[in-house]
Amino acid sequence: METKENVLLNIKDLHVWYRVYGGYLKVLNGVHLMVREGERVGLVGETGCGKTTTMKSILQILPPGDFHIPQGQIFYKGQDVLKMSFGELQRLRSREIAMIFQDPTAALNPVFTIGAQIGDVIKYSIALEEKKVHKEKIKTLSARALKEAYLPDPERMLVNYPLQLSGGMRQRVCIAMSISSKRNLLIADEPGTSLDVTIQDQILRLLKEIVEKKGTSIILITHSLGVAREMTDRIYVMYAGTIVETAPAKTLFKNPLHPYTKGLFASVPKISGGGIAKGIPGRIPDYLNPPSGCRFHPRCEHASQICMEKPPQLFEIEKDHSVACYLAQR
Amino acid sequence: MNQATNNEILKIENLKKYFRIGKDKRGPIFVRAVDGVNLNIKFGETLGLVGESGSGKSTIAYTVVGMYRPTSGQILFKDKKIGMEAAKRPLSLKREIQIVFQDPGSSLNPRQTIEQILTLPLRLHTQTPKRQLREKMVELLEKMELSPDYLYKSPPSIGGGEKQMVAIARALAPNPSLIVLDEPTSALDVSVQAKIINKLMDLQKELNLTYLFITHDLSLMRNIAKRIAIMYLGKLCELADAVTFFEKPLHPYTQMLISSVPAISEEEENLKPKKVVSIGEIPSPVNIPSGCSFHLRCPYKMPICSEVDPEMIEVFSGHIVRCHLFSKPENE
Amino acid sequence: MRNSNQFNNAIAISLAKPKSIFWTNLGRNWFKFSRNALSILGLVIVLGIIISAILAPWVTPYPEHAGPFVDFDNAGQPPSLGHLFGTDNFGRDVLTRIIFSFRGALIMAIVVLALAVPPGVLLGLIAGYFQGTWIDTVIMRITDIFLAVPPLILALAIASVLEPNLMNAMIAVTVMWWPWYTRLVYGMASSVKNEYFVIAAELTGASKFHIIFREILPNCLSPVFTKMALDVGWVILIGASLSFVGLGEQPPTPALGQMVSDGARYMPTFWWMTVFPALAIVLTILGFNLTGDGIRDMLETRMG
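These figures come from a predicted structure and were not determined experimentally. (Residues numbered from 1 in each chain as written. Chains lettered and ligands numbered in written order. Predicted model: local features only at pLDDT ≥ 70, side-chain atom pairs only at ≥ 80, totals over all residues.)

**Student:** Just to check I follow, could you spell out the overall build of chain C for this structure?
**Tutor:** Along its length, chain C carries 12 helices and 0 strands. Ordered by position from N to C terminus, the α and β elements of chain C give α-α-α-α-α-α-α-α-α-α-α-α. At 24 Å, chain C has a C-alpha radius of gyration far larger than the 19 Å of a compact globule built from 304 residues. Projecting the C-alpha coordinates of chain C onto the three principal axes gives extents of approximately 90 × 50 × 30 Å. A sequence separation of at least 24 residues applies to 70% of the contacts in chain C between residues at least 6 apart. (Helix = DSSP H or I, 4+ residues; strand = E, 2+ residues; numbered from the N terminus. Rg over C-alpha atoms; globule rule 2.2 N^0.38 Å. Contact = placed C-beta atoms within 7 Å.)

If you want it as C-alpha cells, here you go:
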C-alpha cells in the first residue's frame, strides 16, 4: 500500500518516569513510533508494556504531578507536543487527534444523554473557529455521526442514556464521538476487548471502514496479534517500555525477528491445533530497577554479554523492518 | 450417546436455572439463564464450554459448584445427586469439586497473605498437622513454579498470571477430582496464558483431573479440549469433539463464532470452514426470541425457525446439533 | 525426590522475609502519607498535643496552677513573657491549664473510641453479612433510632442524669458514638460479602466465623481507621461542649470547654481567658482532621 511520505506523528526516544516510593518507575525507555498520513499503525504489547502511557503522552493526559519526562520528543505535524502551550494542546485534542478508550461503559458519563455527550465534542471542536454554534447544527452533526457508526434510529438515540445501550452500541457511540468532526489521527485503545467476540468483530470492521473511507490515520493498540494482522499496515511491537520490532504487517507475520515477537507468536493458540507453546519464561521487569542493557535479556535464551550491557537500538534489517536486538543484527 | 455410567464423572440432565427479576401483568418475569441443558463429562477429559454473554455457560458452572440451586433438572456427580447449594453439601463433596474464577484480582482476598489463602482449604480438607502446613504449601507453590517467599506476599503485590497460579494452587490443595475453570485466562496476556494452560495440562495428566473449561476463546478451546459444547442464550447449540468442531461445524452460530476469531496468518484464515459474517446484537436473556433463539441473526433462517425450537439431533456419532437445518421432518 | 537440606534452606530463607516486608510496608505507607504537606502538619500538631499532654507536669511553666491554686494578686493578667497566654480570674496561668486540659480530652477520646468502635464494628459486620434477614433489620433499625436523636442532646440527657464527672461524660458520648461505625461497616460488609474471594471461601466450606472475621472484616478496616483518626477531634469537641455546660471534668481540673465558658463572662476585656482555649480546640480538631486525611491517603490507595 502506497503511503505518502508525509509524517503525521513522530515519537522520538520518549522516556517517561513515574514517581513512587523508592524512586521512579522508568516506564518508557526510548520509544520510537511514526505514523504517516492515512497509515494504519498497530501497537502490539502485553499488559504493563507501556502502550497506554505512550498514548496518553501524545495527548498529554498523564496526571502531571507524578509523571516526569526526562527526555524525548513527540512531533505532531512538525511541532513538539511536549512543548505546546495549553491553547495549542486544546486544539490538538479537539480537532486533530481523537482517542477511543478501551471500556466504553467507563468512557461515557452515565448521567448525560448520548446527544449531550456527542454535542459537547462537536461544540468544542467547532468552537475554536465559530464563536457561537447553533443547537440545530450540533444536533444534525451528532445524528450524522451516529449514522456513520451504524447505530439504529440516530435521532432517537440522541436522547438515550448510555446505560440503556448494550456494550457494542456504547462502543459505537464512542467511535461516533471520535469521527463527529474531521480528525487526522484516531487512537483506538484495545477496541472491543471488553465485548463479545462476535460484537468485537463488528466493531473492528466498522473501524476499518471508517478509516478507509475518511483516510484518517489510526493507531490501534492491541494485545492480540490476530487483530493487528487484520487491521493494520504497519506494526510496532512493544516490550517493557521499548519498541523491540517494527515492520509492515505482512513482513512481520512472515518473518518475525525479535525473540519476544517470536515468543508471542508461539504463545497464540492456533485454530490448526497442535497444542500451545510454553509461553515466555520469566515475568515483566520491575520498572523500579529495570534490567540493564536490553530489557528483555533476563527472559531471552539467546542473551549474551553485550545484551546485558548496552540496550540495543532499532536497526533496519530489511526494507522498513527494524529490530532492536543484537542477535538479529548479526 | 449411551455409555457405561461409571465412565462419566458428571452428568447434567435437563438442567434449568431461572432467575426471577420481578413481575408484570402476566406474571413473574424470569431470566432463563439455563434452559434445559444435557451434558456429560467423562473422567479425565477436558470439556470445553463456549459461549458469549447471556449464553448461560457461567451459570452452569456456578450451579455445578453449588453457588446456585437448579430450578429443575438434576446434576449427578459420580452417580450421586448433587443439585443443592454448597451450604447443604457434605464436606467431602466440597473437596471434590473446586472452581477457579475468571478474575484473580477478586477471587483472592487482597488483605490476606498467600499463606493464609492456602491454609483454609488445607485445614478444612486435609488432615495435615499444623507443623506440616507450611511444608505442604511450599510443595503446592513449587508445583506452580512459584518460590517459597510467595507465602508472605499479598495478592495486590503480584501479577495477574501469578495470582491465577495461586488460585489454581488453592483449587488443587484439597485433592479434588473435578475442577471447574471459568474463563481462567481471559483477563491475562497471551504469553502468561500459555504458561498457565500448559501448567493446567501437565497437572491434569499428573493428577488425573477432570476439567470443565469455560471460555469464549475458540482457538484456545481447540488446543485443550477433548470435546466442545457451544451455548447460546441458555441452550446447547452443538456438541462435538474438538477436531470435528473446527473442521465440520454444523450450527450457523458455531460458524459465525469461528469466523469472528481474528486469525494470525493466511493459513489460519483459510482453515476457517465457512465464513458467516456476524450481524446483529446478542439479545438480552430477558427477551429471548421465539422459536430458535438464534433465528434473528441466522443467515439460513427458515419460516419454521421463528416458531418452533429445534430438538437436539445426533447427526454423526458423538456430534449433536440443535438446528432445523438438520431436523428430520416427521419423526423426532 | 527432593533434597531435604535444600528444602529446609528454602524454608529458612523464606521465614526471614516477614521482617523486611514489614519495614518496606512502613516505608511505603510513610511515602503515601507524606505526599501531602498538610498531613505532615497535622501529624506535627497531633504529636505536639500528645507529647505535651503526657509530659505536662514537666513542660508547663506553672504545673501547680492546674490544681487547687489561687493568686488573686496576679488575676486577670494579659499575655506577657511570664504568662504567654495570660492568667485567668483566679490568677492561674492559661497556657498551663490548656496543656493539662489536653490530658482529659485525649483520655476521653481514647476511652470513647475504645468502647464505641468494637461493638459498632461488630454489629455492622453481622448486620452486613446477614443482610436481608431479620438480624439485619433488627440491628439496623436500632442503629437508626440512635442516629435519629440529635447527638449533643442525647449526650446532654445522659450526662445530666448521671453525676457530672469525666467518666460519666465518657459514657454519654460512647452511647451516641457507636452507631456511626455500625453504619459505616454495614455498607462495606454487605458489598464485600459478594466478592468472589468470599464466595470461594464459602464454597470450600469455611465456617461463618471464618468468613465474617477472616475474610470480610480485614477488608472493612481501612475506612474504620480513617474515621477513628478523624473522630478524635470530634470527640474532643463534644467533650468540650459537655464541659462548657458544666458536665464532664469538674473544677479545679481544667477542661477546654469549661475554660471557654468561665472566661466568657469576662469578655471582651479579658479576652485571653476565652480566646486561647477556644483556639486550642480549633487547633486540636484541625490537627486530627489533617492527620486523618493523611491516614486515608495512606490506607485507601491500597484498596483501589
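The rest of the description comes next.
**Student:** Looking at this model, I keep getting lost on the pairing of strand 6 (residues 97–100) of chain A. Mind explaining?
**Tutor:** Working note: regular strand, side chains alternate between the two faces of the sheet. Residues and elements named next belong to chain A. On strand 6, burial covers both faces: Ile97 and Met99 on one face and Ala98 and Ile100 on the other are all buried. Looking at chain direction, strand 6 and strand 7 (residues 185–189) are connected through 4 bridges and run parallel. Looking at the pairing, alanine 98 lines up with leucine 186 of strand 7. (Buried ≥ 20, exposed ≤ 12 C-beta atoms within 10 Å, placed from the backbone. Pairing = 2+ DSSP bridges.)

**Student:** Would you mind going over the environment of B:Lys136 with me for this structure?
**Tutor:** All names here are of chain B. Assignment of secondary structure puts lysine 136 in helix 5 (residues 130–143). By the C-beta count within 10 Å, which is 16 here, lysine 136 ends up partly exposed. Linking lysine 136 and threonine 119, residues 17 residues apart in sequence, is a C-alpha distance of 9.6 Å. Excluding anything up to four places from it in sequence, lysine 136 contacts Leu122 and Thr128.

**Student:** Looking at this structure, how should I read the nonpolar core?
**Tutor:** Taken as a class, soluble globular proteins show a tendency for nonpolar side chains to be buried jointly. Membership of the largest hydrophobic core comes to 260 residues, with the highest contact counts inside it found for A:Ala176, B:Val180, B:Leu212 and C:Val173. It is helix 4 (residues 94–129) of chain C that contributes the most residues to this core, 19 residues altogether. When near neighbours in sequence (up to four residues on either side) are disregarded, A:Ala176 contacts A:Ile118, A:Ala145, A:Leu146, A:Glu148, A:Ala149 and A:Leu151. (Core = buried A, V, L, I, M, F, W, Y, C linked by C-beta atoms within 7 Å.)

**Student:** Honestly, the pairing of strand 11 (residues 313–316) of chain B in this entry has me stumped. Any pointers?
**Tutor:** Residues and elements named next belong to chain B. Summarising the sheet, strand 11 and strand 12 (residues 319–321) pair through 3 bridges and their orientation is antiparallel. Paired with phenylalanine 316 across the two strands is histidine 319, which belongs to strand 12. Adjacent in sequence and paired antiparallel, strand 11 and strand 12 are bridged by 2 residues, among which glycine 318 carries a positive phi angle near 75°.

**Student:** So what exactly am I meant to see when it comes to the sheet that holds strand 9 (residues 227–232) of chain B here?
**Tutor:** Strands pair in a sheet through their backbones, by hydrogen bonds, and they do so in one of two ways: parallel or antiparallel. Residue and element names in this part refer to chain B. Strands sit in the order 6-7-8-3-9-10-12-11 across an open sheet of 8 strands; the sheet is mixed. Of all strands in the sheet, those with a lone pairing partner are strand 6 (97–100) and strand 11, marking the two edges. Each strand of the sheet is rotated relative to its neighbour by a mean of 20°, with strand direction disregarded. Seen against the sheet, helix 6 (residues 160–172) touches strand 6 and strand 7 (178–182) and runs at an angle of roughly 175° to strand 6. (Axes fitted to C-alpha atoms, helices over the stretch in contact; angles between N-to-C directions.)

**Student:** Which parts of the structure should I look at to understand unusual backbone geometry?
**Tutor:** Most peptide bonds adopt trans geometry, and most residues besides glycine take a negative phi value. Cis geometry marks the peptide bond from C:Pro251 to C:Pro252, where omega comes out at 10°. With respect to the helices, strands and loops of the structure, C:Pro252 is situated in the loop between helix 10 (221–244) and helix 11 (256–264). Geometrically, the link from C:Met267 to C:Pro268 is a cis peptide bond, its omega value of -10° lying close to zero. Note that C:Pro268 resides in the loop between helix 11 and helix 12 (272–303). Phi is positive for A:Asp320, close to 70°, though the residue is something other than glycine. Accessibility expressed as a C-beta count within 10 Å gives 11 for A:Asp320, which makes it exposed. A positive phi angle, close to 60°, is found at B:Asn175, a residue other than glycine. Position of B:Asn175 among the secondary structure elements: in the loop between helix 6 and strand 7. The exposure class of B:Asn175 is partly exposed, given the 13 C-beta atoms found within 10 Å.

**Student:** Hey, could you run me through helix 4 of chain C in this one?
**Tutor:** Residues spaced three or four apart along an α-helix face the same direction, because each turn holds 3.6 residues. All names here are of chain C. The end-to-end C-alpha distance of helix 4, which contains 36 residues, comes to 51 Å, matching closely the 52 Å that a straight helix rising 1.5 Å per residue would cover. Along helix 4, the largest kink reaches about 25° and is centred on valine 117; proline proline 118 follows within four residues of it. Among the 36 residues that make up helix 4, 26 are buried, leaving the element largely enclosed by the rest of the structure. (Expected span 1.5 Å × (residues − 1). Bend = angle between axes of the 7 residues up to and from the residue.)

**Student:** What should I look at first to understand the sheet that holds strand 2 (residues 23–36) of chain A in this one?
**Tutor:** Residues and elements named next belong to chain A. An order of 2-1-4-5 is seen for the 4 strands of this open sheet, with the pairing classed as antiparallel. The open sheet has two edge strands with one neighbour each: strand 2 and strand 5 (79–80). With 2 bridges joining them, strand 4 (residues 67–76) and strand 5 adopt antiparallel strand pairing. Within the sheet, the bridge partner assigned to phenylalanine 75 lies in strand 5 and is aspartate 80.

**Student:** Would you take a moment to explain the interface of chain A and chain B for this structure?
**Tutor:** Between chain A and chain B, the residue contacts involve 33 residues of the former and 31 residues of the latter. Mapped onto the side of chain A that touches chain B, the elements with two or more residues apiece are helix 8 (197–214), helix 9 (225–231) and helix 11 (259–267) of chain A. Looking at which element gives the most residues to the side of chain A that touches chain B, the answer is helix 9 of chain A, with 5 residues. Here the residues of the side of chain A that touches chain B are counted per class, giving 11 nonpolar, 14 polar and 8 charged. (Nonpolar A, V, L, I, M, F, W, Y, C, P; charged D, E, K, R; others polar.)

**Student:** Could you clarify how one ought to interpret the environment of B:Met231 in this entry?
**Tutor:** All names here are of chain B. Checked against the element boundaries, methionine 231 lands in strand 9. The spacing of methionine 231 and serine 55 is 176 residues in sequence and 5.5 Å in space, taken between C-alpha atoms. Sequence-distant contacts of methionine 231, defined by excluding residues within four places in its chain, comprise Leu49, Gly51, Ser55, Gly56, Lys57, Leu236 and Cys237.

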